[in-house]
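Notes for the structure review
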Amino acid sequence: MALAAITSYQLSAANSDLARQSGLVDAEWVLPAIDPSVLRRLQRRSNLRAALSTSLWLGLMLLAGWAVVATAWSWWSIPAVIIYSALYGGASDSRWHEMGHGTAFRSRRANDAIYYLACFMLLRGPTVWRWSHYRHHTDTIIKGHDAEIAFQRPPSIAGTLWRFAHLQGGAELLLRLVRHAFGSLDDEAKELVPYHEHRRVVRESQVMVAVLLASVVASAFMQSVLPVVLIGGSTFLGGWLVVFFGITQHAGLQENVLDHRRNTRTVVMNPVFRFLYLNMNFHVEHHMFPSVPYYSLPGLHHSIGDQLSQPLPSTWAAYRQIFAALRRQQVDPTYEIPLDLPDIHGDARPVDIGAESWMRGPRGEIIVGLDGSLEHGDLRRIDVGNRSLVVGKTTSGSLFACDGWCTHAKVHLAEGTVIGEEVECPKHNARFDCRTGEATRKPAKDGIRVYPVTVSNGRIAIDLTTDDSVRP
Ligand code: FES
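Predicted model only: the values in this text are computed from it and were never measured.

Right, let's talk about the sheet that holds strand 3 (residues 379–384) for a bit. Within a beta sheet, neighbouring strands are joined by backbone hydrogen bonds and run either parallel or antiparallel to one another. Overall, antiparallel pairing links the four strands, which are arranged 3-4-5-10 in an open sheet. With one partner strand each, in any of the chains shown, strand 3 and strand 10 (450–451) form the two edges of the open sheet. Examined bridge by bridge, strand 5 (residues 399–403) and strand 10 share two bridges and lie antiparallel to one another. Its bridge partner being in strand 10, Ala401 is matched across the sheet by Tyr451.

Time to look at the sheet that holds strand 9 (residues 439–441). Pairing within the open sheet is antiparallel, and its four strands lie in the order 6-7-8-9. The open sheet has two edge strands with one neighbour each: strand 6 (417–419) and strand 9. Neighbour-to-neighbour, the strand axes of the sheet open up by a mean angle of 35°, direction not taken into account. With three bridges connecting them, strand 7 (residues 422–424) and strand 8 (residues 431–433) associate as antiparallel partners. Considered in strand 8, the bridge of Glu422 is made with Asp433.

This next bit is on empty space enclosed by the protein. A complete count under the given rule lists three cavities of 30 Å³ or more for this structure. Of the voids in this model, the largest cavity is the one considered here, and its volume is about 100 Å³. In terms of lining residues, the largest cavity is bounded by 13 residues, among which Gly100, His101, Arg130, His133 and Tyr134 are the most central. Only helix 5 (92–101) and helix 7 (126–138) provide two or more residues apiece to the lining of the largest cavity. Across the lining of the largest cavity, the residue classes tally to four nonpolar, seven polar and two charged. No fewer than three residues from each of domain 1 (28–331) and domain 2 (359–470) sit in the lining of the largest cavity. Size it by volume and the second largest cavity reaches roughly 50 Å³.

Parameters and conventions
Residues numbered from 1 in each chain as written. Predicted model: local features only at pLDDT ≥ 70, side-chain atom pairs only at ≥ 80, totals over all residues. Heavy atoms only, no water. Pairing = 2+ DSSP bridges. Helix = DSSP H or I, 4+ residues; strand = E, 2+ residues; numbered from the N terminus. Axes fitted to C-alpha atoms, helices over the stretch in contact; angles between N-to-C directions. 1 Å grid on protein atoms, 1.4 Å probe; cavity = no way out; pocket = protein on both sides within 12 Å on 5 of 7 lines; lining within 4 Å. Points joined across faces, edges and corners; volume = space filled by probe spheres on them. Nonpolar A, V, L, I, M, F, W, Y, C, P; charged D, E, K, R; others polar. Domains from an automatic or database assignment.

In short, geometric facts, not functional conclusions.
What follows is the structure, encoded as structure tokens:
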């Protein structure tokens, strides 16, 4: 098979082609069954919940930063620096992640603002990492196609432990940022980021490098390391926490499979860890339904948990499993942790989005009797000939009908969610304006067609008559 020919994890056009030939790229993944109304409820976003959690994180970081300054050069400054850097360079990782998905806040601006802040704290170029994470969700742990396979085989136990120091990883991130600031994108960035966004990558890197330089200049001017410790240096000092949580996600599990239950791990964690990690310990659930915000992942686990493998009962249990697997994989890179998976309910379609029935009206319009059953935020799929539509109600109650397939990849928007006047794709959280069809959030670039709708006697009429392909 083509996969056997992929000898490295490096993202390159050649490896990407080989992975594609294997049929594992942009493929359909196993998903559990879930009641659509439950999923719809779980997908709701809350500015309040995200604001409270974000304020607590930033507030604690400011407090710890103040303690670093106030206790400078005393023994007390050691715990102060440890706490500050863990919040700055460690807990920012889960904020980066959740805001990148755009699922924490209801407000897109709030998500983006925290996303850029967290990117800076982690020394990650915002655009490069956005595209990298889209790929990670499309082709999770597909060798040669997923840029975020952190624990590659054969693993090295010493190398894994060395990661916790974050010296090499941090230095690589910094050098990459500087390289991009000088306008020279590395091969991986070129492979991931569309060409029209390369200038943005350079501009973002320049801004981030300029801020880092400002902290160095401030340190030199004040003849104190404090500015560098507080801005930039804590990425290195707090990086251990990124590795501490990150290792539990996929390490030791299977590669090149289309079932997140086989390549991703859910771990029961204590409330402090869950705050720092924003509930990403429910990682299987997150990968299966990335449109569900972090605060609803426990509810999602409750709804689909019987279709998943048993979560690891503690972080310690996860580490024991991981290091045992890494030791085995050192001598036998093909070794994978054996899993006992329950059956998926039903026919393995995730959500019952069975296409609604329809009939043709006198003027060629499509008539469906859905009006009474559509709640605000509901979405339904309608298949008309070779076309698939989604009809729904926005949060404010406006009825709309538009093309059903996301323009980024073949995923149906009826499985997504409504945010205000936009419909969001369930796969990578692209959004489309329900009134105009415009693509309003990456990774979708092209818009979708919207169709005039009218309601009469509880029936919805969708005017497709301008489209030749569906005329009777
Ligand atoms: S399939 Fe990627 S955003 Fe829709």
